[in-house]
Amino acid sequence: MEKENKIINFDLNDFEKEGLYLIFPDLTRLELTKENIEKTSENFWQNTSKITPEMKKAIDFQKCYFCPRKNQEDICDAIRPVLPFLDKIDKYISFDEVIAAYKSNQGGLLHVRKTTMQKALQYVSLLGLLRYNMVLRKYWKYYYGVIPLMAGKEVACRIYINMYWQHKGNKEKLDKVIAQFREELRVSSENQVKRMNLVCKNDVFMNAFVNTQVVSEF
């Protein structure tokens with residue numbers, strides 16, 4: 001049976017802000033922009049019907065051992081991009097198809113592709129771990145030129161090239177920063193997956209964070 005071909009028209013004015021836009025088969029739109037994340041994450045955290053006091057005290061919900069705010073009783077920064085969208089995204093599973101449109105802050109380019117939920121949400125996992133995480137944000141500079149909708153090995157190559165140039169090919173420095181990056185990202189990713197197990201009903205976000213860790217291993 002042949003697949004039905006569909007044509008979807010986009011109004012570029014609907015993608016003004018940097019971020020990821022997901023368009024589902026029923027044409028429902030979900031905007032993962034910085035403004036939306038910051039606007040709703042704190043309200044979600046304070047809603048005890050979403051994140052119960054028992055969840056907040058759970059061992060798996062605690063901050064990483066190297067976090068400078070590990071002893072403070074507040075939200076882990078890395079989970080902020082995830083919280084506002086759990087209700088909507090939990091309706092889907094990892095391999096559900098979706099159209100993902102990523103608006104870059106580099107030249108204002110719009111990248112559009114048909115993909116799966118877990119691959120599209122790689123952007124959210126990158127955002128949480130590398131821009132919101134207080135320890136890992138120092139590595140964001142190595143992600144210059146990375147489009148979250150790229151294939152995993154392509155992302156890994158771009159990251160390594162950026163590391164290589166910033167450290168002028170010095171193997172000793174490269175080995176050191178890669179080892180540190182790998183360990184801190186491994187711990188952060190594993191802890192993030194544990195948090196996802198507490199608040200998610202399905203595997204979409206968990207697989208997205210696992211994919212991010214796999215890319216880093218490349």
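The notes below deal with the structure included here. (Residues numbered from 1 in each chain as written. Predicted model: local features only at pLDDT ≥ 70, side-chain atom pairs only at ≥ 80, totals over all residues. Heavy atoms only, no water.)

1. Considerations on the sheet that holds strand S3 (residues 97–103)
Across the sheet, which stays open at both edges, the four strands sit in the order S2-S1-S3-S4 with antiparallel pairing between neighbours. The sheet is open, and its two edges are formed by strand S2 (29–33) and strand S4 (110–116), each paired on a single side. On average, each strand axis in the sheet is tilted by 20° relative to the strand beside it, whichever way the strands run. Across five bridges, strand S1 (residues 19–23) lies against S3 in antiparallel orientation. Each residue of the ladder has a partner; that of Ile23, found in S3, is Ile99. (Pairing = 2+ DSSP bridges. Helix = DSSP H or I, 4+ residues; strand = E, 2+ residues; numbered from the N terminus. Axes fitted to C-alpha atoms, helices over the stretch in contact; angles between N-to-C directions.)

2. Notes on the pattern of salt bridges
Scanning the entire structure with this criterion turns up seven salt bridges. Taking the shortest distance from any N to any O, the salt bridge between Arg186 and Glu183 comes out at 2.9 Å. Of this pair, Arg186 and Glu183 both sit in helix H7 (residues 171–199), three residues apart, which is roughly one turn of the helix. Three or more residues are tied together by salt bridges with common partners; here these are Glu183, Arg186 and Glu190. (Salt bridge = Lys/Arg side-chain N within 4 Å of Asp/Glu carboxyl O.)

3. Some points on the pairing of S2
Taken together, the five bridges between S1 and S2 define a ladder with antiparallel strand orientation. Residue pairing for S2: Tyr21 is matched across the bridge by Glu31. The hairpin turn running from S1 into S2, its antiparallel successor, is five residues long, and Leu27 in that turn takes a positive phi close to 70°.

4. Observations regarding unusual backbone geometry
Despite not being glycine, Lys168 shows a phi value in the positive range, around 55°. With respect to the element layout, Lys168 can be found in the loop between helix H6 (152–166) and H7.

5. Details of the packing of aromatic side chains
Across all of its chains, the model carries seven aromatic pairs by this definition. Centroid distance Trp140 to Tyr143: 6.1 Å. Interplanar angle 10°. Geometry classified as stacked. Between Tyr160 and Tyr164 the ring centres are 6.5 Å apart and the planes differ by 40°, which places this aromatic pair in the tilted class. On the criterion of helical spacing, the pair formed by Tyr160 and Tyr164 is a turn pair, its members being four residues apart in helix H6. Aromatic rings pair up to connect Tyr139, Tyr142 and Phe181 into one cluster. Across the ring face of Phe15, the terminal group of Arg29 is positioned such that the distance to the ring centre comes to 5.0 Å. (Phe/Tyr/Trp six-rings, centres within 6.5 Å; stacked < 30°, edge-to-face > 60°. Lys NZ or Arg CZ within 6 Å of the ring centre and 35° of its normal.)

6. Details of the environment of Tyr160
Classification of Tyr160 by relative accessible area gives partly exposed; the value is 42%. Taking the C-alpha atoms as reference points, Tyr160 and Ile178, separated by 18 residues in sequence, lie 9.0 Å from one another. Here Tyr160 is in contact with Leu174 and Ile178, once residues within four sequence places are set aside. (Buried < 20%, exposed > 50% of the residue type's maximum accessible area, 1.4 Å probe, protein only. Contact = heavy atoms within 4.5 Å.)

7. Some details on the packing of H6 against H7
Between H6 and H7, the least distance of the axes is 10 Å, while the angle of their chain directions is 135°. With respect to each other, H6 and H7 are oriented oblique. For the pair H6 and H7, the sense of crossing is right-handed. On the side of H6, the interface is formed by Ile159, Tyr160, Met163 and Tyr164, while H7 contributes Leu174, Ile178 and Phe181. (Parallel < 35°, antiparallel > 145°, perpendicular 65-115°, else oblique. Left-handed = near helix turned anticlockwise from the far one by under 90°.)

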